[in-house]
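Below are the chains, spelled out letter by letter.
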Amino acid sequence: MVEAAEQVALPRSFYARPTVEVARDLVGKVIVHQVDGEELAGRIVEVEAYLGRGDEAAHFFGGMTPRTRVIYGPPGYAYVYFVYGMYHCLNFVTEPDGEAGAVLIRALEPVAGVEAMRLRRPKARRLEDLASGPGKLALALGVTLDQYGVDVTNGSLIVRAETNHKDFRIGVSPRIGIKKSADLPLRFFVEGNAYVSRAK
DNA sequence: AGTTCGATCGCCT
DNA sequence: GGCGATCGAACTG
């Protein structure tokens, strides 16, 4: 019998497309992580695209390194990195095998396992702050380097296709916290959503 | 081998 | 709005 999560996970073909398209289409989808016997889930309300060509802000600008090797492989896998000595950030690999590209997940609206997520984020007082940033959501979901390179079309960390929120507007803006290629409109978010890391 | 600095967060003023 | 925490990856020599 197939796991329920596998039946609804976005297929690899979803990720095997231009990064900007994948980024836009990920908004509104639901990430589900099975950890320590619990199901933690959140609706994606904010993402950023990082491109393979001409994007100086991307970690993989200038070529492959040991850290970024997964980005050059087949799509539909997790790219997780560690920053500022304390936070992890979750990305999904895009583009066909051999091409670089990734989408950074920047904010989630908690959907399931909220109490467990609160335990993982004791400093978050308000529900809106539980996963309203890339470092926060990785902590809340229990994503660490253990998830580096895992298949997100099949397994304990997946993206679910369906969502109850069908109607929403997608806002576009420059990406946050970067200095190079800073003007490119590669951030996509649910307009007016309280769980986004920044209003606009 | 040493140094720099980051796709962040939260606390301080 | 400013800054300190904290550490590995990547780059320099």
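Preceding this paragraph is the structure being described.
Engineer: How should I be thinking about the overall build of chain A in this particular structure?
Structural biologist: Within chain A, the regular secondary structure consists of five helices and eight strands. Counted from the first residue to the last, chain A has its helices and strands arranged as α-α-α-β-β-β-β-β-α-α-β-β-β. Against the 2.2 N^0.38 benchmark of 16 Å for 200 residues, chain A shows a C-alpha radius of gyration of 15 Å, consistent with a compact globule. Each of the 200 residues in chain A was classed as buried or not, and the buried ones make up 50%.

Engineer: Even after reading the chapter, I still don't get a nonpolar patch on the surface, so can you show me in this structure?
Structural biologist: Where nonpolar side chains cluster on the molecular surface, the patch consists of Tyr84, Met86, Tyr87 and Leu139 and spans about 480 Å² of accessible area. With respect to the secondary-structure elements, tyrosine 87 resides in strand β4 (residues 87-93). Exposure remark for tyrosine 87: the relative accessible area of 36% places this residue in the partly exposed category.

Engineer: Where do I start with the packing of aromatic side chains in this structure?
Structural biologist: In this description, an aromatic ring pair is defined by two values, namely the gap between the centres and the angle between the planes. Applying the stated criterion to the full structure yields five aromatic pairs. Each ring, one from phenylalanine 14 and one from tyrosine 15, has its centre 5.2 Å from the other, and the planes form 80 degrees; the classification is edge-to-face. When sorted by exposure, phenylalanine 14 lands in the same class as tyrosine 15, which is buried. Where phenylalanine 60 meets tyrosine 72, the ring centres are 6.5 Å apart and the plane angle is 85 degrees; that geometry is what we call edge-to-face. Placement of phenylalanine 60 in the loop between β2 (38-51) and β3 (78-83) and of tyrosine 72 in the loop between β2 and β3 is noted, with a sequence separation of 12 residues between them. Counting every residue linked through ring pairs, the aromatic cluster contains Phe14, Tyr15 and Phe92. Seen from the ring of phenylalanine 168, arginine 43 lies directly overhead, with NZ or CZ sitting 5.1 Å from the centre. The side chain of arginine 187 reaches across the aromatic face of phenylalanine 189, ending 4.5 Å from its centre.

Engineer: Please clarify how the environment of glycine 98 should be interpreted in this entry.
Structural biologist: Inspection of the secondary structure assignment puts glycine 98 in the loop between β4 and β5 (101-112). In this structure the C-alpha to C-alpha distance between glycine 98 and valine 70, which are 28 residues apart in sequence, comes to 9.8 Å. Discounting residues that sit within four places of it in the chain, glycine 98 has contacts with Tyr72 and Gly73.

Engineer: I'm lost on the protein's contact with DNA strand B in this one. Help?
Structural biologist: In the vicinity of DNA strand B, 18 residues are found, and the nearest of them are His59, Tyr81, Asn91, Arg121 and Gly135. A share of 52% of the atoms of DNA strand B within 4 Å of the protein falls on sugar and phosphate groups. At 2.9 Å, a side-chain N or O of tyrosine 81 approaches a base nitrogen of DNA strand B. For DNA strand B, a sugar or linking oxygen lies 3.1 Å from a polar atom in the side chain of tyrosine 87. Contributing elements (two or more residues each) for the surface near DNA strand B: β4, β5 and α5 (134-141). Residue contributions to the surface near DNA strand B peak at three residues, all from α5. Its residues placed into classes, the surface near DNA strand B shows nine nonpolar, five polar and four charged.

Rules used throughout
Residues numbered from 1 in each chain as written. Chains lettered and ligands numbered in written order. Predicted model: local features only at pLDDT ≥ 70, side-chain atom pairs only at ≥ 80, totals over all residues. Heavy atoms only, no water. Helix = DSSP H or I, 4+ residues; strand = E, 2+ residues; numbered from the N terminus. Rg over C-alpha atoms; globule rule 2.2 N^0.38 Å. Buried < 20%, exposed > 50% of the residue type's maximum accessible area, 1.4 Å probe, protein only. Patch = residues over 30% accessible without salt bridge, like charges linked within 9 Å, V, L, I, M, F, W, Y side chains within 5 Å. Areas by Shrake-Rupley, 256 points an atom, 1.4 Å probe, with all protein chains shown as cover. Salt bridge = Lys/Arg side-chain N within 4 Å of Asp/Glu carboxyl O. Phe/Tyr/Trp six-rings, centres within 6.5 Å; stacked < 30°, edge-to-face > 60°. Lys NZ or Arg CZ within 6 Å of the ring centre and 35° of its normal. Contact = heavy atoms within 4.5 Å. Near = heavy atom within 4 Å. Polar contact = N/O pair within 3.5 Å; in protein donor to acceptor, adjacent residues only side chain to side chain. Nonpolar A, V, L, I, M, F, W, Y, C, P; charged D, E, K, R; others polar.

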